[in-house]
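Spelled out from the first residue to the last, the chains are:
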Number of protein chains: 2
Amino acid sequence: MNTTVTRADFGLPVAPARGALRPLSIGDVRIAGGYWGHKQTVNGTVSIRHAEEWIEKVGWIGNFDAAVEGRLPQDHTGRSFADSDVYKLMEAMAWEIGRTGDAGMERRLQALVARIAPAQEEDGYINTYFGRPGQGARYSDLEWGHELYSFGHLIQAGIARGRTHGEDELVRIARRAADHVCEAFGENGLQGVCGHPEIEVALAEFARYTGDRKYLDQALRFIERRGHGTLGQIEFGQSYFQDDQPVRDAKVMTGHSVRALYLAAAAVDAAVDTGDGELLDGMIEQVANTVARRTYLTGGMGAHHEGESFGVDYELPPDRAYSETCAGVGSIMVNYRLLLATGEAKYADLIERTLFNVVAASPAEDGRSFFYTNTLHQREQGQEPSATEPSPRASSSLRAPWFEVSCCPTNVARTLSSLGALLATTTDNGVQLHQYAASGISARLADGSPVVLRVETDYPRSGGIRIVVEETGAAAWELSLRIPAWAGDDARLACAGESYDAAPGTARISRTFSPGDVVELELPVQPRWTFPDPRIDAVRGAAAVERGPVVMCVESTDLHGHDVNGVRVDTSAPLLDEEGAASVQVRFGQFDDGTWPYGACARAQEDTEPASGERVKLIPYASWANRGPSTMRVWMPTA
Amino acid sequence: MNTTVTRADFGLPVAPARGALRPLSIGDVRIAGGYWGHKQTVNGTVSIRHAEEWIEKVGWIGNFDAAVEGRLPQDHTGRSFADSDVYKLMEAMAWEIGRTGDAGMERRLQALVARIAPAQEEDGYINTYFGRPGQGARYSDLEWGHELYSFGHLIQAGIARGRTHGEDELVRIARRAADHVCEAFGENGLQGVCGHPEIEVALAEFARYTGDRKYLDQALRFIERRGHGTLGQIEFGQSYFQDDQPVRDAKVMTGHSVRALYLAAAAVDAAVDTGDGELLDGMIEQVANTVARRTYLTGGMGAHHEGESFGVDYELPPDRAYSETCAGVGSIMVNYRLLLATGEAKYADLIERTLFNVVAASPAEDGRSFFYTNTLHQREQGQEPSATEPSPRASSSLRAPWFEVSCCPTNVARTLSSLGALLATTTDNGVQLHQYAASGISARLADGSPVVLRVETDYPRSGGIRIVVEETGAAAWELSLRIPAWAGDDARLACAGESYDAAPGTARISRTFSPGDVVELELPVQPRWTFPDPRIDAVRGAAAVERGPVVMCVESTDLHGHDVNGVRVDTSAPLLDEEGAASVQVRFGQFDDGTWPYGACARAQEDTEPASGERVKLIPYASWANRGPSTMRVWMPTA
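The model shown is predicted, which means the values in this text are computed figures rather than measured ones.

Enquirer: Would you mind going over the pairing of strand E16 (residues 550-555) of chain B with me for this structure?
Expert: Two faces make up the sheet, and in a regular strand the side chains alternate between them. Residue and element names in this part refer to chain B. By the criterion of burial, E16 is predominantly enclosed, with six of the six residues buried. A two-sided burial pattern is seen for E16, the buried positions comprising Val-550, Met-552 and Val-554 on one face and Val-551, Cys-553 and Glu-555 on the other. Note: strand E15 (residues 542-547) against E16, two bridges, orientation antiparallel. Bridged to Glu-546 within E16 is Val-551. If you look at the hairpin formed by E15 and E16, you'll find two residues sitting between the two strands, and Gly-548 has a positive phi there, around 60°. One ladder, built from two bridges, connects E16 with strand E23 (residues 632-633); its direction is antiparallel. The residue bridging Glu-555 from the neighbouring strand is Met-632, located in E23.

Here it is, written out as structure tokens:
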């Protein structure tokens, strides 16, 4: 990170004007090995480069060259919003460079910026798909064209760059784009909104970055304009893009999941920065209802492939879970903002769940292919996706190296490269740990005294977390630790021989610390059975296994020739095998291949192998499909 | 019907060159009141007129006027295949006029023909969406343009007209179109196929109608060309339009359901008329696997909203059942052809199920609104669709008067107006009854002797069916009656005091009959519990009630303020109430509105009202949503 620049928001992905907690930056919180350290390394050394190569290969960065060289529209490749993936990649690179100082990546980012810059027009407009002879006119297709969405990602890239490096060409491009949007869609401009929210959250953050209220005002305009049938009629209905009712009136999320979540993130930002408590309360309720009724065990959101959308309450089919990777990222965006605003542990609980079971699930172990959707039940082995051509976006059976709409790989990349900020926060007189990872954490309290912590853990492999106080002032302060809801009564917390309350929520140790003090948190990470709400019809009579924050699954690769559809589990048998690994006692259903699958006898067509059965290994859901085509399920029917 | 014309295929929707059974025409089988008589009357007097009005109102017939007057493309309304709905309406009108001799409808049909005719070009091409300056070129979008699909429906209308009236302008238009297709896509023409099968089944039937083999050859060309990646790459994948593998190699239906079913119908026609036993066997297997693994209890097909497509085996979510009405029609087309080819009762079983639970479900009781999709579980009350504007096609909560893609209303109309043909068939020395309805049936055996039967029944209200022999020759012949699989061992069959075997399948009475003889069949139509194959995860732990061929459901309208999601049924309690009506003993789940819908205890969040519960009325699934917005479910969780 360019340490010659000192800004209050340096290294911060999100910097609200106020809130219960203050964010720490990616410089303040440094992940050091372990589960997330490994993911960050693979992301930084493999996945980002992989995305650069694909964006070159499929011509999406080349679209900017074509724009400059007057070869548009004929040489345009990709969808109307292909620009946005270039910008999201640039955002990821900016955070990664900030995190690691990678000089090669710095040169490559500058090269990308140099190719984009000349495509920006005099008035700040930049888009390779609209506005030229033979293309659609600017803003002629707000429903599907995604011009403002693309600007939003450009602005986010500019913010990332400005907050890790300082003002440069990318920041200036972003500023000109943001100014253009304010001009074109301001009070006296077009009274439209973008079919895909994103510009709102970008402008709200750009207002924070620049200190210029006009960008927040424009974000507010977009938020308030939406929900009144502002966009045109489309077949999916106006709820698809949250244009059926104002976001402040919505009691639960509907429509396209990523759109709903990006809009919600912007609404929280706007509520916080303008002090609009009513809007904030509304968003808290909307998120609470969505989490309670429309969220998968993995934290995934979006039950419908059609429209990539939320289902209705408790409609959560595991085998048709859309659970788009980008919706996981969007959920983390929303929940992180609500965590900062309220300080409530439940938001960090959901972030943890979503990180381990959606964000971590998307990239393959080698970082070179990705899930776009994240099904909880793969009934049939899929086909290997093309290694050389972009895949359709919803092919969920195996990870693909690139997609025709490739929003997810770059969204994961920017999330992982800025992950540190999610781990901890500070207040005037305290430090809060929300996510547990081997890391170093630096904060400064209101009285100017430093707090430096070293977190030692191989969580979630084991549940032991040691927090070593490396620096501290002499005065008392409060160390807060999130106790996950899933820990029940089984978490243990101690410091200097003294035990502390570790009930789910926030555990607090308020005392004077000395360098070398150790706080020890033990979270119960032995495997446990989890059962669904009986209103979720699609998984009635089934159970899942979780292990700490990790959702487990059974994969056919471990089933000695069986597929997962016949698995029947015994929930009374132990969940650990003799080696202490997570496993379940299963039988395999024997089915009669009849002519009509409905009959007069319950389970008439099912017989199962003797109850002795066999033990079957469970693996983390996020790890599935790393061993070739397979079938997989999270929810296992009980015998 | 124009009785001055005598053709062997007069009044026959389908006239195969050979087969186990010979079809009877809509003149030979006259439905007389009862369940289907009422449906036919509503269709003929209300729904067809309703469709005529909407096709006028939304401008789809006006597109032809615009073509003639040179106002295209600017005045075109509707989708690229809007023409096809005009043609399907004309087909329905032709059958209806043939059935009833409705003189007013005859004038209106001729008026429609007169508006279409001048839009046909010199070479037989006719389409209002392609081929003019400013429009796409002819056949420039075979994937989505549906030009050949539209021709197929035009040809079907011509066949219906020719077989109920005789050669006239509509038949000539159809012939010129068919000739054009053979020319344009023949051996030396374009080597393409249509994204949506339909031309194949139309040309195969047109070959039968004209006796000209060239149309069958062209149908075969389309069938054989398909399945080799002939069409372009689309996001849904090539299986969407059955272009991933030849239809003769497919072991089960995949992709868009209506496309798969129309193609299958054509493949059966081609197999039968060319004597291709291998292809016929392949289609028999493909249909058997589809019925056994990918079909809803209602007979509905298509588990995915996305792509309107089949799911994988046993993926049959009730709350996201697409089960398009047109797929029900397509399934009847396929199963009727296989019934004629093989004589096996199972095909008539599925036709019955699909008629009572898909085709009958689509139109509202008043015949003025329609389901496009047929969900088996409506979780939330829907909104009333627009009475004045076309609705999106997949809005399944309430029937809509018209759709932006309005294939279903006209598909139901043509099915109901030609329904008689599905009821009975003949062989050299026998008559077979497949569907039971109050009706008169006339056949002539190979020896020239007549068989005239009168069927008296109010089936499915009661299970008693009286078949009165009105005319018969002196020689013995065989009366065959389908005994539905659902009847189990409980069907009873008697004639002249003698009992006959009535096991599921085909019951045969082979004897000499005299006028006045009565055959009495009693089918068990008391309500019965039905349970799903345990591989259908989505309805595990739930049961449904059927009554004869009728699938029942519970609708919130009958639940005194409860919605259906809390219903828990006791499958050990009787299914009849004191008045003898179908009803179930239910409890209503009391749910804790928690914050996270997964937990450590099975059903921890569920409590139910005392076991005494209450009795709740069941209604036929096909009747739901006739009493305003409601919730509904077919599969009820067991207590």
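This is not the end of the story, as more comes after the structure.
Enquirer: Hey, could you run me through the sheet that holds strand E5 (residues 430-433) of chain B in this one?
Expert: Across a sheet, paired strands are connected by hydrogen bonds in the backbone, their directions being either parallel or antiparallel. Residue and element names in this part refer to chain B. Spatially, the five strands line up as an open sheet ordered E1-E4-E5-E9-E12, and their pairing is mixed. Of all the strands in the sheet, just strand E1 (22-23) and strand E12 (505-511) have a single pairing partner and so form its edges. Across seven bridges, the pairing between strand E9 (residues 477-483) and E12 is antiparallel. Note on E12: the bridge partner recorded for Ser-480 is Arg-508. Along the sheet, helix H12 (residues 345-359) contacts E9 and E12; its crossing angle with E9, the most-contacted strand, is approximately 50°.

Enquirer: I'm lost on the sheet that holds strand E13 (residues 518-522) of chain A in this one. Help?
Expert: Residue and element names in this part refer to chain A. An order of E2-E6-E7-E8-E13-E10-E11 is seen for the seven strands of this open sheet, with the pairing classed as antiparallel. Looking at strand neighbours, the two that pair on one side only are strand E2 (29-31) and strand E11 (498-500), the edges of this open sheet. Taking the axes of each pair of neighbouring strands and ignoring which way they run, one obtains an average angle of 20° across the sheet. The sheet contact formed by strand E8 (residues 464-472) and E13 spans five bridges and is antiparallel. Looking at the pairing, Arg-466 lines up with Glu-520 of E13.

Enquirer: Quick question: what am I supposed to make of the interface of chain A and chain B here?
Expert: Many authors give the size of an interface as the accessible area that is lost as the parts come together. Counting residues at the interface gives 58 residues for chain A, matched by 58 residues for chain B. Roughly 5100 Å² is buried in total at the junction of chain A and chain B, and carbon and sulfur atoms are behind 51% of that figure. Along the contact surface separating chain A from chain B lie 12 salt bridges. Elements that contribute at least two residues to the side of chain A that touches chain B include exactly helix H10 (277-293), helix H12 (345-359), strand E14 (527-532) and strand E19 (598-599) of chain A. Among the residues making up the side of chain A that touches chain B, the classes are represented as 25 nonpolar, 10 polar and 23 charged. Strand direction decides the pairing type here: E14 of chain A and strand E19 (residues 598-599) of chain B, joined by two bridges, are antiparallel. Across the sheet, Pro-532 of chain A pairs through a bridge with Tyr-598 of chain B, a residue of E19 of chain B.

Enquirer: Would you explain the environment of Glu-183 of chain A in this entry?
Expert: Note on placement: Glu-183 of chain A falls in helix H6 (residues 169-185). Here the alpha-carbon distance between Glu-183 of chain A and Gln-218 of chain A, two residues 35 residues apart in the chain, equals 9.3 Å.

Enquirer: Any chance you could explain the relation of the copies chain A and chain B here in plain terms?
Expert: Two chain copies, one operation linking them: a rotation about an axis together with a shift along it. Superposition record for chain A on chain B: RMSD 0.0 Å, screw rotation 180°, translation along axis 0.0 Å. Both copies of the chain, as the preceding transformation shows, are related through a two-fold rotation axis. Residue by residue, 100% of the interface of chain A is reproduced at the interface of chain B, so both copies engage with the same surface.

Enquirer: I would appreciate a short explanation of the environment of Gly-37 of chain A in the present structure.
Expert: All names here are of chain A. You can see Gly-37 is positioned in helix H1 (residues 34-57). Residue classification places Gly-37 among the buried residues on the basis of a relative accessible area of 7%. Along the backbone, Gly-37 and Glu-183 are 146 residues apart, and their C-alpha atoms lie at a distance of 43 Å.

Enquirer: Would you mind going over helix H4 (residues 103-116) of chain B with me for this structure?
Expert: Residues and elements named next belong to chain B. The first and last C-alpha atoms of H4 sit 20 Å apart over 14 residues, in line with the 20 Å expected at 1.5 Å per residue. For H4, the full list of buried residues reads Gly-104, Met-105, Glu-106, Leu-109, Leu-112, Val-113 and Ile-116. Contacts made by the buried residues of H4 are with helix H1 (34-57), helix H2 (62-68), helix H3 (82-100), helix H5 (147-164) and helix H6 (169-185). The N-cap of H4, judged by a side-chain oxygen 3.0 Å from the amide nitrogen of Gly-104 a few residues on, is Asp-102.

Enquirer: What should I look at first to understand the side chain of Thr-415 of chain B in this one?
Expert: Residues and elements named next belong to chain B. The residue Thr-415 is located in helix H13 (residues 407-417) in this model. Among the residues examined, Thr-415 registers a relative accessible area of 9% and is labelled buried. When residues no more than four places from it in sequence are discounted, the contact partners of Thr-415 are Val-329 and Val-359.

Enquirer: I would appreciate a short explanation of the environment of Cys-601 of chain A in the present structure.
Expert: Along the chain, Cys-601 of chain A turns up in the loop between E19 and strand E20 (606-608). Taking the C-alpha atoms as reference, Cys-601 of chain A lies 63 Å from Leu-216 of chain A; in sequence the two are 385 residues apart.

Enquirer: Even after reading the chapter, I still don't get the side chain of Ser-362 of chain A, so can you show me in this structure?
Expert: With respect to the helices, strands and loops of the structure, Ser-362 of chain A is situated in the loop between H12 and strand E3 (377-378). With residues near it in sequence (within four places) discarded, Ser-362 of chain A still touches Thr-325, Ser-369, Phe-370, Phe-371, Asn-374, Arg-399 and Val-412 of chain A.

Enquirer: Is there a simple way to explain the packing of helix H11 (residues 325-342) of chain A against helix H13 (residues 407-417) of chain A in this structure?
Expert: A packed helix pair is summarised by two numbers, namely the angle formed by the two axes and the spacing between the axes. All names here are of chain A. At a minimum axis separation of 8 Å, H11 and H13 run at an interaxial angle of 35°. Every pair of crossing elements has a handedness; the one defined by H11 and H13 is left-handed. Mapping the contact onto sequence places Thr-325, Cys-326, Val-329 and Met-333 in H11 and Cys-407, Cys-408, Asn-411, Val-412, Arg-414 and Thr-415 in H13. Its residues assigned to classes, the contact of H11 with H13 shows six nonpolar, three polar and one charged.

Enquirer: Mind showing me how you'd approach the layout of surface pockets here?
Expert: One water molecule sets the probe size; rolling that probe over the atoms shows where empty space is left. The computed volume of the second largest pocket comes to approximately 890 Å³. Of all elements in the fold, only E19 of chain A together with helix H10 (277-293), H12 and strand E14 (527-532) of chain B reach the threshold of two or more residues within the lining of the second largest pocket. Ranked by residues supplied to the lining of the second largest pocket, first place goes to H12 of chain B with seven residues. Residue composition of the lining of the second largest pocket, by class: 21 nonpolar, 10 polar and 10 charged.

Definitions and limits used
- Residues numbered from 1 in each chain as written.
- Chains lettered and ligands numbered in written order.
- Predicted model: local features only at pLDDT ≥ 70, side-chain atom pairs only at ≥ 80, totals over all residues.
- Heavy atoms only, no water.
- Buried < 20%, exposed > 50% of the residue type's maximum accessible area, 1.4 Å probe, protein only.
- Helix = DSSP H or I, 4+ residues; strand = E, 2+ residues; numbered from the N terminus.
- Pairing = 2+ DSSP bridges.
- Contact = heavy atoms within 4.5 Å.
- Axes fitted to C-alpha atoms, helices over the stretch in contact; angles between N-to-C directions.
- Buried area = accessible area lost by both parts, 1.4 Å probe.
- Salt bridge = Lys/Arg side-chain N within 4 Å of Asp/Glu carboxyl O.
- Nonpolar A, V, L, I, M, F, W, Y, C, P; charged D, E, K, R; others polar.
- Least-squares fit on C-alpha atoms with pLDDT ≥ 70 in both.
- Expected span 1.5 Å × (residues − 1).
- Polar contact = N/O pair within 3.5 Å; in protein donor to acceptor, adjacent residues only side chain to side chain.
- Left-handed = near helix turned anticlockwise from the far one by under 90°.
- 1 Å grid on protein atoms, 1.4 Å probe; cavity = no way out; pocket = protein on both sides within 12 Å on 5 of 7 lines; lining within 4 Å.
- Points joined across faces, edges and corners; volume = space filled by probe spheres on them.

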